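# Close look at the chain arrangement
Now for the letters of each chain:
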Amino acid sequence: MKSSRDNNRLLIGYLTFVNEENRSRMMSVFEASFPTLEMLRNQPCDIVSVDNNSLDEVKRQLIESELFRYNLHLSQNFYDSAVIYCSALLAQERGYPYVMYMYDDFHVYDNSFVKDCLEFMDSNEHVHCLRIPLYDFNNKEKFDPDFTPKSVNPDAVRHFNTITNRRIKWSEPITIGTKTFYYNNWHYTSRPTLWRTEVLMSLFDNVDEIPILNMFERHATHKLNELPLVTGVMDKGAMHTVMQSERIRLVKKDRIDLKIRVVKE
């Protein structure tokens, strides 16, 4: 986003990965997702394009777009670690107190959520992160895979902490602007989440090799349980999944014990 404002406090990382092998599945998904970033244009945030060596035609669209303040286009596929680590590191280096990551299989549908999200985080300093995918507090069963499988609703998520095995314990509703928020004891997730930059960067403290996909989630969940993690949830969310995640196919296809070495200069 070529913003004239230098005081934006949120950096949003947008991950893309469309190559010859997945083109038939992912090109149409990217082409449907990318235009919805326009919803972010007039919000108090900057966006960084993080690309895992996509096709030239995809990279060209990203580079030529006026939506992105930064472009980090990589020479190979670093999976979800690319957008999580690169966005957090860039946010830390450029002084953004908040950072968020999202993917090219999500559609943004809310053009005014950022301001209220930042106010919620500012006002609730014990909350470490904020989940922003589609969710309906009054219709939890639709978003719980114990009742509604991901094949029916790809935004369904387990309603317990995977480390403590405790069910989710919700706070009272908190209304800010036009949005309603809650906080609870949910575990870490790689789904689109807004973080305090220092907390997200702490996942990489004393880490020389970053695990990917489910193994990174396991690493992050254990590490953040030490805080313990307090998670915010924006009722009704700001973006939704357009298909069952490509990550699920990658976990089945690739070695999930792959790790990415961090070279520190």
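This report concerns the structure included in the present document. Within every chain, residues take consecutive numbers counted from 1 along the sequence as written. Only residues with pLDDT of at least 70 are given local features in this predicted model, and only at 80 or more are side-chain atom pairs given and counted; all residues enter the totals for whole chains, interfaces and linings. Calculation of side-chain values draws on the structure's entire complement of heavy atoms; hydrogens and water are dropped beforehand.

As a further point, take the environment of P133. The helix count covers DSSP runs of H or I at least four residues long, the strand count covers runs of E at least two residues long, and both are numbered beginning at the N terminus. Looking at the secondary structure, you find P133 in the loop between β6 (129-131) and β7 (174-176). Between the C-alpha atom of P133 and that of F106, which follows or precedes it by 27 residues, the distance is 8.7 Å. Residue contacts follow a heavy-atom distance rule, with two residues in contact if any of their heavy atoms lie within 4.5 Å. Ignoring anything within four residues of it in the chain, the contact list for P133 reads F106, D155, R191, P192, G237, A238 and M239.

In this analysis, strands are considered paired if DSSP registers two or more bridges between them. On the basis of which strands lie adjacent, the open sheet formed by nine strands has the order β3-β2-β1-β4-β9-β6-β11-β8-β7 and mixed pairing. The sheet is open, and its two edges are formed by β3 (70-73) and β7, each paired on a single side. Across the sheet, the axes of successive neighbouring strands diverge by a mean angle of 25°, strand direction being ignored. Here strand β4 (residues 98-103) pairs with strand β9 (residues 193-196) via four bridges, running antiparallel. Residue pairing across strands places Y98 opposite R196, the latter belonging to β9. Axis lines are fitted through C-alpha atoms, for helices just across the contact stretch, and the angle between N-to-C directions can take any value from 0 to 180 degrees.

On to unusual backbone geometry. Cis peptide bonds are those with omega within 30 degrees of zero, and the linkage from L227 to P228 qualifies with -10°. Among the secondary structure elements, P228 is positioned in the loop between α6 (213-225) and β11 (231-234). Phi is positive for Y79, close to 55°, though the residue is something other than glycine. Residue position: Y79 is located in helix α3 (residues 79-94). A positive phi angle, near 60°, is found at N165, a position not held by glycine.

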